[in-house]
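# What the coordinates show
Below are the chains, spelled out letter by letter.
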Amino acid sequence: MSSFVLFILLASKVVVADIPECTGGAIQFDPPENPDDSNKYTWYPNNFTGTQPPMFPNDYTCTYKINVPINWSAMVVMTLNLTTPPQDGAISVQVIDHNQRSEQVASADNEHYFFIANGGRIQLATRESNVIFGFAVKWTKLPRNFASFNDNVTISQSQPVVYWAFSTYPIQIRAETKVSLVITPPVEDELMQYLRSIIIYDGPDWNSTSLGTGLQLFAGKRQYVSSGSYMTVQQLAPAFPLGRTMLVFQDYENTKDIVEYQGATCARVENCGQFLMDGSIGMAAMTTVNERSDSGAECVNSMSGSGDLDVYIGGKTKSKSNLI
């Protein structure tokens, strides 16, 4: 019996020893010095090989800083499992992006997060939740030359400019006034995480200020608007499938009175589901994109609430020439 107890204590000691000390409360992660190693993952903890990360000790806190130089990006793949969820519902992990926007993570199964310069951070606080946690980071250097798809939106256009979200090249849009952007989500919920890889810039290239990600744009139910006449959208992981995710661009002069604006996806002939629009504080709108002319049309089957409903074939226009 004594040997058995001693073995258990030793085994527990090995598991805890695999967790690096968080000296000074933070651990830095930098891209590889050798560009040839940019396709390799950096794992944390070191013994986490992509299968099952270790369990962290209780009351363990640490900040992991993902450093991203200019003209680089970083992808983090995270696993998080709480074997004893806290009764007060406290969150063990927060991810803070390059715009200092925080996302609380309750659980993650190879969940993808993306960072651009100047990087972001992951904050861990295990408390007494028996947290299983680990992540891998891979940095990618952006192309030296900015080669993009270029398009224009005008006030007189009745049809928006629409692009698939998985474009290999950045998409640069120029407007007469300002550029308005909404995004339609993928059909499959498990693909929503890849909307984080879509970075929207307030300007003509990826050296411009970032307005946010595709996921933040969709979740906020607000259009993104450029401060000038240019907007650029970059897909950091174009190899990942994004379903029917589409980028819908218009001139802001036509959409500036819309307070709540969301994209919607309808992939099948049957009922697409219910959508809520709150027009109590101003005009609310939703947009869908039917990319195939032979697949029928999307119809409003029923509605409830109060107010007026306008339907446009295409984008909202000041002339209302395409209003049904």
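Structure: above.
Presented here is a report on the structure given in the accompanying data block. In this text the structure is predicted, and so the values were computed from the model without any measurement.

### Let's talk about the overall build of the chain
From N to C terminus, the chain includes three helices and 20 strands. Within the chain, the proportion of its 324 residues that are buried is 42%. For the chain, the proportion of contacts with a sequence separation of at least 24, taken over those separated by at least 6, is 74%.

### Observations concerning the nonpolar core
By size, the foremost hydrophobic cluster in this structure holds 30 residues, and its most contacted members are Tyr64, Ile66, Met78, Phe133 and Phe135. Listed by contribution, the elements that provide at least two residues to this core are strand 1 (26-29), strand 3 (61-66), strand 4 (72-82), strand 5 (93-96), strand 7 (108-116), strand 8 (120-125) and strand 9 (131-141). Counting residues per element, this core draws most heavily on strand 4, which supplies six residues. Discounting chain neighbours no more than four positions away, the residues touching Met78 are Val93, Val95, Val105, Ala108, Asp109, Asn110, Glu111, Tyr113, Ile122, Phe133, Gly134 and Phe135. The next biggest cluster of nonpolar side chains, apart from the first, holds 25 residues, and it includes Val153, Tyr194, Ile198 and Leu215.

### Re the sheet that holds strand 8
Strand pairs in the sheet, formed through backbone hydrogen bonds, run parallel or antiparallel to each other. With respect to topology, five strands assemble into an open sheet ordered 1-3-8-5-6, the strand pairing being mixed. A single partner strand is all that each edge strand has here, and the edge strands are strand 1 and strand 6 (102-105). On average, adjacent strands in this sheet sit at an angle of 20° to one another, irrespective of strand direction. Bridge analysis of strand 5 against strand 8 gives four bridges, and the strand direction is antiparallel. When the sheet's bridge partners are listed, Ile96 is paired in strand 8 with Arg121.

### Remarks on the side chain of Thr265
Structurally, Thr265 is set in the loop between strand 19 (258-263) and strand 20 (283-287). The class for Thr265 is buried, based on a relative accessible area of 18%. When sequence neighbours within four positions are dropped, the list of residues in contact with Thr265 reads Thr184, Pro185, Val187, Arg244 and Phe275.

### Regarding the packing of aromatic side chains
Counted according to the given criterion, the structure contains 16 aromatic pairs. Ring-pair connections join several aromatic residues into one group, and the members of that group are Phe29, Tyr44, Phe56, Tyr60, Tyr64, Phe133 and Phe135.

### Looking at a nonpolar patch on the surface
A contiguous nonpolar surface patch, about 840 Å² in accessible area, is contributed by Phe275, Met277, Met286, Val300, Met303, Leu309, Val311, Ile313 and Ile324. Turning to its location among the elements, Leu309 is positioned in the segment after strand 20. A relative accessible area of 40% means that Leu309 is categorised as partly exposed.

### Considering the pairing of strand 19
Burial of strand 19 is extensive: five of the six residues sit out of reach of the surface. As paired elements, strand 19 and strand 20 share five bridges and run parallel to each other. Across the sheet, the residue bridging to Glu260 is Ala284, located in strand 20.

### Quick look at the sheet that holds strand 15 (residues 209-213)
Strands sit in the order 10-12-17-14-15 across an open sheet of five strands; the sheet is mixed. Strands with a single pairing partner mark the edges of an open sheet, and in this sheet they are strand 10 (149-153) and strand 15. Averaged over all neighbouring strand pairs, the angle between strand axes comes to 25°, with direction disregarded.

### Considerations on the pattern of salt bridges
Within this structure, the stated rule accounts for five salt bridges. With its nearest N and O atoms 3.1 Å apart, the salt bridge here joins Glu111 to Arg196. Of this pair, Glu111 sits in strand 7 while Arg196 sits in the loop between strand 13 (179-184) and strand 14 (198-202), and the two are 85 residues apart along the sequence. Residue Lys256 pairs with Glu253 through a salt bridge whose shortest N-O separation is 3.1 Å.

### Digging into empty space enclosed by the protein
Scanning all chains against the criterion turns up two cavities of 30 Å³ or more. Estimates place the volume of the largest cavity at around 50 Å³. The dominant element in the lining of the largest cavity, judged by the number of residues it contributes, is strand 18 (residues 246-251), at three residues. Partitioned by chemical class, the residues of the lining of the largest cavity number two nonpolar, seven polar and two charged. By volume, the second largest cavity amounts to about 30 Å³. Lining the second largest cavity are Val182, Ile183, Leu217, Phe218, Arg222, Tyr261, Gln262 and Gly263. Of all the secondary structure elements, the ones that give two or more residues to the lining of the second largest cavity are strand 13, helix 2 (214-220) and strand 19.

### Observations concerning the side chain of Gln250
Summarising the element assignment, Gln250 is placed in strand 18. A polar atom in the side chain of Gln250 sits 3.2 Å from the backbone nitrogen of Lys316. Ignoring anything within four residues of it in the chain, the contact list for Gln250 reads Val153, Pro160, Lys178, Val179, Ser180, Thr255, Tyr261, Gly315 and Lys316.

### Some remarks on the environment of Gly282
Along the polypeptide, Gly282 turns up in the loop between strand 19 and strand 20. Overall, the relative accessible area of 24% leaves Gly282 in the partly exposed class. In the structure, Gly282 is positioned 25 residues away from Asp257 in sequence and 7.7 Å away in space, judged by C-alpha atoms.

Reading the values: rules and limits
Residues numbered from 1 in each chain as written. Predicted model: local features only at pLDDT ≥ 70, side-chain atom pairs only at ≥ 80, totals over all residues. Heavy atoms only, no water. Helix = DSSP H or I, 4+ residues; strand = E, 2+ residues; numbered from the N terminus. Buried < 20%, exposed > 50% of the residue type's maximum accessible area, 1.4 Å probe, protein only. Contact = heavy atoms within 4.5 Å. Core = buried A, V, L, I, M, F, W, Y, C linked by side-chain atoms within 4.5 Å. Pairing = 2+ DSSP bridges. Axes fitted to C-alpha atoms, helices over the stretch in contact; angles between N-to-C directions. Phe/Tyr/Trp six-rings, centres within 6.5 Å; stacked < 30°, edge-to-face > 60°. Patch = residues over 30% accessible without salt bridge, like charges linked within 9 Å, V, L, I, M, F, W, Y side chains within 5 Å. Areas by Shrake-Rupley, 256 points an atom, 1.4 Å probe, with all protein chains shown as cover. Salt bridge = Lys/Arg side-chain N within 4 Å of Asp/Glu carboxyl O. 1 Å grid on protein atoms, 1.4 Å probe; cavity = no way out; pocket = protein on both sides within 12 Å on 5 of 7 lines; lining within 4 Å. Points joined across faces, edges and corners; volume = space filled by probe spheres on them. Nonpolar A, V, L, I, M, F, W, Y, C, P; charged D, E, K, R; others polar. Polar contact = N/O pair within 3.5 Å; in protein donor to acceptor, adjacent residues only side chain to side chain.

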